[in-house]
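Tertiary structure, described
Each chain, written out:
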Amino acid sequence: MADSKHLGPLTAAYAAKRPEEVAALYDRWSETYDADMSAAGYRHPTICLALIARHLPRGAAPLLDAGAGTGLIGEWLAITGYPEVEALDISQGMLDKAAAKGVYTALHCLAMGGPLPFADNAYAGIVSAGVFTSGHVGAEGLDELIRICRPGGVIVLTVKNTLWEAGFAERVAALEAGRTVVRVEETAPYVSMPGEADTVPSRGLVLRVI
């Protein structure tokens, strides 16, 4: 089992009230983030990779890794046949680690939850692992991801139950009813870090933009 003290920055990030607080916490954590999350058995990137591979053809481009962190998913996407992936993250320190992996075609230091400086229909697919959670981004972040994903493209994301039950499920249902997206897959709830004490489950979600 992972030593919970290594994930103190995550607990602090969940409790953060302002984007600049979140960014500063992740900047400080960037040096040990990969090792700490690996020790905690972090599942979100692996599950998102599987969902992308199931619902988006190999070679689809470009993709956006929204909340890329240190670039775990970007590295795996490159290996599995998605050669053009851009990274977005609130933390420059995390993006510096992602850049060192040499798999991203562009890096954007931006906060999610408000307007994003990308064109409509810019991306063939978007993946966002571990972002829609406590202290990070809520349902308000969905609209911009949908706007920048082209029709027929997919958005793969994880959602923690605390958000799912606090309006996120209703927002997704409203988007479906409005024929904006189709929910093509929703995983069974799972614990994102089984090596840690936080047992609030999350789910993986795949939305296809209409």
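Here goes a summary of the coordinates provided. (Residues numbered from 1 in each chain as written. Predicted model: local features only at pLDDT ≥ 70, side-chain atom pairs only at ≥ 80, totals over all residues. Heavy atoms only, no water.)

Some remarks on the packing of aromatic side chains
The description of two aromatic rings rests on the distance between their centres and on the angle between their planes. Within the structure shown, the criterion is met by three aromatic pairs. Three or more aromatic residues joined by ring pairs form one cluster here, namely F132, W164 and F168. (Phe/Tyr/Trp six-rings, centres within 6.5 Å; stacked < 30°, edge-to-face > 60°.)

Here we look at the side chain of S192
Structurally, the position occupied by S192 is in the loop between strand 6 (181-186) and strand 7 (202-209). Excluding residues within four positions of it along the chain, S192 makes contact with G41, Y42, R43 and H44. (Helix = DSSP H or I, 4+ residues; strand = E, 2+ residues; numbered from the N terminus. Contact = heavy atoms within 4.5 Å.)

Overview of the pattern of salt bridges
By the definition in use, this model includes seven salt bridges. Note that E144 is salt-bridged to R147, the shortest N-O span being 2.7 Å. Taken together, the residues E144 and R147, both in helix 7 (residues 142-148) and three residues apart, mark about one turn of the helix. (Salt bridge = Lys/Arg side-chain N within 4 Å of Asp/Glu carboxyl O.)

Quick word on the environment of R58
Among the secondary structure elements, R58 is positioned in the loop between helix 4 (44-55) and strand 1 (63-66). Separated by 24 residues in sequence, R58 and Y82 have C-alpha atoms that sit 6.0 Å apart.

Quick word on the pairing of strand 5 (residues 149-160)
Burial of strand 5 is extensive: nine of the twelve residues sit out of reach of the surface. Direction of pairing for strand 4 (residues 123-132) relative to strand 5: parallel, over a ladder of six bridges. Bridge pairing links S128 to L157 in strand 5. (Buried < 20%, exposed > 50% of the residue type's maximum accessible area, 1.4 Å probe, protein only. Pairing = 2+ DSSP bridges.)

Topic: the sheet that holds strand 4
Spatially, seven strands are ordered 3-2-1-4-5-7-6 in an open sheet, and the strand pairing comes out mixed. The two strands at the open ends of the sheet, each matched to only one other strand, are strand 3 (106-109) and strand 6. Taking each pair of neighbouring strands and ignoring which way they run, the sheet shows an average axis angle of 20°. (Axes fitted to C-alpha atoms, helices over the stretch in contact; angles between N-to-C directions.)

Digging into the nonpolar core
A general feature of soluble globular proteins is that nonpolar side chains tend to end up buried together. Within the largest apolar cluster, 28 residues are counted, with the highest numbers of intra-cluster contacts made by I126, F132, L145, L157 and F168. Elements that contribute at least two residues to this core include exactly strand 1, strand 4, helix 7, strand 5, helix 8 (161-177) and strand 7. For this core, the element with the highest residue contribution is helix 8, accounting for five residues. For L145, the residues in contact, after removing those within four places along its chain, are A66, M112, L116, I126, F132 and I155. (Core = buried A, V, L, I, M, F, W, Y, C linked by side-chain atoms within 4.5 Å.)

Regarding helix 6 (residues 92-100)
Two residues of an α-helix separated by three or four positions point the same way, owing to the 3.6 residues in each turn. Inspection of helix 6 places G93, M94, L95 and A98 among the buried residues, and these make up the whole buried set. Where helix 6 begins, one side-chain oxygen reaches toward the backbone nitrogen of G93, 3.3 Å away; that side chain belongs to S91. Immediately downstream of helix 6, the backbone of G102 shows phi near 70°, a positive value. (Polar contact = N/O pair within 3.5 Å; in protein donor to acceptor, adjacent residues only side chain to side chain.)

Some details on unusual backbone geometry
The phi torsion of most residues other than glycine is negative, and most of the peptide bonds are trans. In this structure, the amide linkage connecting A61 to the following residue, P62, adopts the cis form with an omega of -10°. With respect to the secondary-structure elements, P62 resides in the loop between helix 4 and strand 1. A positive phi angle, near 60°, is found at N121, a position not held by glycine. One can find N121 in the loop between strand 3 and strand 4. Looking at N121, the relative accessible area reads 40%, which means it is partly exposed. The phi dihedral of R179 falls on the positive side, at around 60°, and the residue is not glycine.

Structural notes on helix 4
An ideal rise of 1.5 Å per residue puts 16 Å on twelve residues; helix 4 measures up with 17 Å between its terminal C-alpha atoms. The inward-facing, buried residues of helix 4 contact helix 5 (72-79), strand 4, strand 5, strand 6 and strand 7. (Expected span 1.5 Å × (residues − 1).)

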